[in-house]
Amino acid sequence: MSPQHSLVSNSNSQATCHLRHFNHTSFARSRTLLGRKYNARKSNDGAPHFSVLHVSGRSRRRPLCYAKATQQTAEQEQQVAGDMETSALRSPWSSRSVFYDWREGYQCHYTRLDRESEGSGKVTGAPVVLLPGFGVASFQYEALMQELASLGGEQRVYAIDWFGQGKSWPTRDPAPSENATTEAGFEWGFGQKASPGYENLRYSCDNWTAQLEHFLETQLHDGENGDNGPPKKAVLVGNSLGGLIAANLAATRPELVEGLVFLNATPFWGANRPNSPVWQGDLPVPPAFKWIAAQWWNSIRTTETITTMLDFVYANKDYDKSIIPKIQEPTRAPGSAAAFCSILFSPPTAMKFDAMLIRIRHAKVPVMLCYGREDPWVVPAWGQKAKRDIGDMCVYYEVSPSGHCPHHETPRPVAYAVQEFCSALTALQQEGVELSDSMPTGDTHFGDIVLTHRPKGSPRNVFEVFAYGVYCVEKYVFKKREWENVAP
């Protein structure tokens, strides 16, 4: 059954279209392909100048400088605000919230950044699909989508909600109980038997990969043919868990992927072992695990706990605190506690992350790694390891200071890197320009934030040297990387 598109909110049945104009706060520029002129104006928040540098007969972009914001007079600030408002009003991009049916009873949500009208310009280039991590949803990409819109890209941008997070939920109780509770989050999923259509419901990485596969096949369409055209290959941008799912999809269905961007992608997920006697996460939730959920779920969804976790993984403690109630809102969905239990006890992906990267390398899928250097969870050593596994079709950058969610904490340099990567993919296809030859090199400054190109991903400190030593021992001594010779 073909998916039904809907712009209907989960909370009511009235047709609504969530339309929002982004207030662009960076700069306006006309982007073209490699080798053409770049027309950029410097804004008071450090927007770049661009030049064209000719290297070996090829034109190559290189940013000249990013200036820090300077103190402005009241009159100058008013003029700048007026320029920004005019730029926002002239922007042809708008954000729309869309619901569709993945399967019968599986309603999924995504946000789409799209042209407002046919006269706003042709939408070209591979669509960009933003994949969130655990516990968040498309709302965490709002700042990045705003920056991508301000950069004047030529592609649609999508941000999805994983099923069981954000606004993607079952349309009815997947496992009704005769003694259902009224406590917010615990109403659904704790019965004795799964409802028809939900017999195999499990909130796992492999299930989310299936969701992403269906999304790419049914929701992405050619800009020239409207929503009835064939789907286009996409650039997948995944943070944390989203990076793992993007790698899983690219390793199994590389024909759907134009390129990959890993933002501190987690290399592992799920502690349960497949086929173990322990519950595997399929609904309904057994009674004993409901008690676990009640103790743990109620503690981690509080404002204090969420704030503590974000303070730990963000390098800048001055991040936008408005994200906290957005994280809390889905935890009150009727099936949120059951989804949390299922996530905890679902097995990991069928394929290991290392094997995914090797398959990606064999499939020659271009990859950009863009890691927050101060991430205490997925430290840069993981990015260096991924760079070594993927090889020449991979470029590696670090953003500093930035933590586990660089797209939310430092959206401007990440948007710049993503847009440059998309342009490089176009040059790779149309002009045969090597990926590494068309990406920025050295350091690019965004005020106090620095985007650093790491061409080899070499270790820099004792911990990274140790991690590299373990990698070499596993590969060359114990031969634990036998999957490297396995083609997809």
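Parameters and conventions
Residues numbered from 1 in each chain as written. Predicted model: local features only at pLDDT ≥ 70, side-chain atom pairs only at ≥ 80, totals over all residues. Heavy atoms only, no water. Helix = DSSP H or I, 4+ residues; strand = E, 2+ residues; numbered from the N terminus. Buried < 20%, exposed > 50% of the residue type's maximum accessible area, 1.4 Å probe, protein only. Contact = heavy atoms within 4.5 Å. Pairing = 2+ DSSP bridges. Right-handed = clockwise from strand over helix to strand, strands pointing away. 1 Å grid on protein atoms, 1.4 Å probe; cavity = no way out; pocket = protein on both sides within 12 Å on 5 of 7 lines; lining within 4 Å. Points joined across faces, edges and corners; volume = space filled by probe spheres on them. Nonpolar A, V, L, I, M, F, W, Y, C, P; charged D, E, K, R; others polar. Core = buried A, V, L, I, M, F, W, Y, C linked by side-chain atoms within 4.5 Å. Patch = residues over 30% accessible without salt bridge, like charges linked within 9 Å, V, L, I, M, F, W, Y side chains within 5 Å. Areas by Shrake-Rupley, 256 points an atom, 1.4 Å probe, with all protein chains shown as cover. Salt bridge = Lys/Arg side-chain N within 4 Å of Asp/Glu carboxyl O.

Caption draft 1: Summary view of the overall build of the protein chain. Within the protein chain, the regular secondary structure consists of 13 helices and 17 strands. Looking at the protein chain residue by residue over its 488 residues, the buried ones come to 53%. Put simply, of all contacts in the protein chain between residues at least 6 apart along the chain, 72% involve residues at least 24 apart.

Caption draft 2: Molecular detail of the pairing of strand β15 (residues 394–400). Among the 7 residues that make up β15, 7 are buried, leaving the element largely enclosed by the rest of the structure. Where strand β14 (residues 367–372) and β15 come together, 6 bridges link them in parallel fashion. The residue of β15 that forms the bridge with Y371 is E398. Handedness of the β14-helix α10 (residues 380–390)-β15 crossover: right-handed. Alignment of β15 against strand β17 (residues 449–453), held across 4 bridges, turns out to be antiparallel. In the strand pairing of β17, V399 is matched with L451.

Caption draft 3: Just the layout of surface pockets, in detail. Taken as a whole, the largest pocket holds about 1100 Å³ of empty space. If you trace the largest pocket, you find 39 residues lining it, with F134, G135, W269, M309 and W377 closest to the centre. The set of elements that each furnish at least two residues to the lining of the largest pocket consists of α5 (287–300), α6 (303–313) and α8 (336–345). Element by element, the count of residues in the lining of the largest pocket is highest for α8, at 5 residues. Taken together, the residues that form the lining of the largest pocket break down as 25 nonpolar, 13 polar and 1 charged.

Caption draft 4: Looking closely at the nonpolar core. Residues V129, L212, L216, L236, L260 and F262 are the most contacted members of the largest nonpolar core, which totals 68 residues. Of all the elements, helix α4 (residues 241–252) adds the most residues to this core, at 8 residues. Dropping the residues within four chain positions of it, V129 is found in contact with Y158, I160, L212, F215, L216, L220, A234, V235, L236 and V237. Counting residues in each nonpolar core, the second largest holds 35 residues, with L113, Y141, L263 and C370 among its members.

Caption draft 5: Summary view of a nonpolar patch on the surface. On the surface, a cluster of nonpolar side chains totalling about 330 Å² of accessible area is made up of M309, F312 and W377. Within the element layout of this structure, W377 appears in the loop between β14 and α10.

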